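These are the residues of each chain, in order.
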Amino acid sequence: MFLLAAVAVLSGCGSNAAEPAKPAGDKPATDAGQSGKKLVVGFSQIGAESAWRTANTNSIKAEAEKRGIELKFSDAQQKQENQIKAIRSFIDQKVDVIAFAPVVETGWEPVLTEAKKAGIPVFVSDRRPQVPDDLYVTFLGADFIKEGQMAAEWLIKKTGGKAVIAELEGTTGSAPANDRKKGFAEAIAKYPDMKVVFSQTGDFKRANGKEVTEALLKSPVGNTINVIYAHNDDMALGAIQAIEAVGKKPGKDILVISIDGIKDAFVAMTEGKLNCTTECNPLLGPLLFDSIEKFKKGEKLEKRQIVPDGQFDETTAAKELPNRKY
Ligand code: AHR
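Residues numbered from 1 in each chain as written. Predicted model: local features only at pLDDT ≥ 70, side-chain atom pairs only at ≥ 80, totals over all residues. Heavy atoms only, no water.

J.: So what exactly am I meant to see when it comes to the site of the ligand here?
T.: Taken together, Glu-49, Ser-50, Trp-52, Arg-53, Asp-126, Arg-127, Phe-144, Pro-176, Arg-180, Phe-204, Asn-232 and Asp-260 are the residues near the ligand. Arg-53 is positioned with one of its side-chain polar atoms (N or O) 3.0 Å from an oxygen atom of the ligand. In the model, an oxygen atom of the ligand is placed 2.8 Å from a nitrogen or oxygen of the Asp-126 side chain. Within the complex, 100% of the 280 Å² of free accessible area of the ligand lies under protein. Those elements that place two or more of their residues in the shell around the ligand are α2 (51–66) and α6 (175–188). Here the shell around the ligand is built from residues that sort into 4 nonpolar, 2 polar and 6 charged. In terms of domain composition, the shell around the ligand takes at least three residues from each of domain 1 (32–140 + 284–305) and domain 2 (144–279). (Near = heavy atom within 4 Å. Polar contact = N/O pair within 3.5 Å; in protein donor to acceptor, adjacent residues only side chain to side chain. Areas by Shrake-Rupley, 256 points an atom, 1.4 Å probe, with all protein chains shown as cover. Helix = DSSP H or I, 4+ residues; strand = E, 2+ residues; numbered from the N terminus. Nonpolar A, V, L, I, M, F, W, Y, C, P; charged D, E, K, R; others polar. Domains from an automatic or database assignment.)

See the structure below:
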């Protein structure tokens with residue numbers, strides 16, 4: 001039931017996917033509605049590696065403010081050890097709720113067990129950690145495997161199942177890098193003429209996407225590729241710069257496809273330089289704080305709340321561009 005509500009709030013392709021949900025009420029959220037004191041939430045964010053991440057941070061901060069929730073926000077600069085320190089500090093400060101977006105999948109069990117022992121509920125946003133279910137209340141975010149499949153399906157249709165592909169991977173060990181790789185690989189497996197001949201991390205950053213592609217295009221394998229599949233738009237936009245620098249046409253000589261749906265990707269699609277982006281909605285603030293407030297009122301939440309994806313390409317980008325919110 002709640003999942004359906006979330007799906008309605010964050011619906012994907014072609015709709016106004018970025019529209020935030022309405023807050024649950026006008027009054028500031030309180031500590032379980034008992035003491036009348038403000039609800040205090042500690043949020044450990046991964047960093048500021050991409051435009052997606054910046055939009056995600058803004059959504060969380062804006063939504064907390066709108067609801068009168070005290071947000072203790074910590075930016076880990078893409079380091080797991082910083083996230084673990086931040087979570088420990090939230091435990092020491094006895095916040096009411098801890099929320100976090102795990103930079104990588106593994107290594108969270110000890111610190112989440114400490115939070116559980118301290119009686120502080122944990123909410124997981126965006127990326128999945130590999131921990132037992134009882135260590136968190138709910139995990140809300142996209143289905144990254146499906147995003148990889150959707151990207152592959154678009155490419156299969158476009159190329160008739162024939163492509164020599166270079167893959168720019170996201171942060172090593174992260175759920176979106178693992179899952180977008182897996183979903184894509186599984187979908188192209190039935191097509192013997194589709195091959196990934198190069199795969200390297202660009203850490204979800206534009207500068208790294210550019211650097212990795214520059215090196216690739218100078219290498220012998222660089223001459224053989226006709227597709228770049230990037231795990232996010234920022235790396236794809238960096239790759240586009242590198243392709244142009246060697247005198248080739250991105251979007252034509254080399255097809256470029258990616259994931260996220262940021263505004264710059266739409267601009268690149270209208271210019272014919274990016275061919276397709278699969279949308280991953282970063283505006284998770286409304287769903288996160290709805291979930292926290294429902295939990296505080298004693299309502300039951302689904303363990304997994306999937307935020308749906310959309311997809312846009314050269315044919316739909318221009319119409320959608322004015323609606324983009326991030
Ligand atoms: O976890 C979501 C991913 O993280 C986004 O696709 C990427 O841009 C970000 O850095």
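Now that the structure is up, let's keep going.
J.: Could you clarify how one ought to interpret the sheet that holds strand β5 (residues 138–142) in this entry?
T.: Sheet strands pair via backbone hydrogen bonds, and the direction of the pair is either parallel or antiparallel. Ordered by their spatial adjacency, 6 strands build an open sheet running β2-β1-β3-β4-β5-β11, and the pairing between neighbours is parallel. Every interior strand has two partners, whereas the edge strands, β2 (70–75) and β11 (304–307), have only one. Neighbour to neighbour, the strand axes of the sheet diverge by 15° on average, direction disregarded. The pairing of β5 with β11 spans 4 bridges and is parallel. Looking at β11, one finds that Gly-141 is bridged to Ile-306. Against the sheet, helix α3 (residues 80–92) contacts β1 (40–45), β2 and β3 (97–100), and its axis sits at roughly 170° relative to β1. (Pairing = 2+ DSSP bridges. Axes fitted to C-alpha atoms, helices over the stretch in contact; angles between N-to-C directions. Contact = heavy atoms within 4.5 Å.)

J.: What's the story with the packing of α2 against helix α10 (residues 285–296) in this structure? I'm lost.
T.: Geometry of a packed helix pair, given as the angle between the helix axes and the separation of the axes. Interaxial distance between α2 and α10 falls to 8 Å at its minimum, and their mutual angle equals 45°. As the angle between them shows, α2 and α10 are arranged oblique. For the pair α2 and α10, the sense of crossing is right-handed. Here α2 contributes Ser-59, Ile-60, Glu-63 and Ala-64 to the contact with α10, which in turn contributes Gly-285, Pro-286, Leu-288 and Phe-289. Its residues assigned to classes, the contact of α2 with α10 shows 5 nonpolar, 2 polar and 1 charged. (Parallel < 35°, antiparallel > 145°, perpendicular 65-115°, else oblique. Left-handed = near helix turned anticlockwise from the far one by under 90°.)

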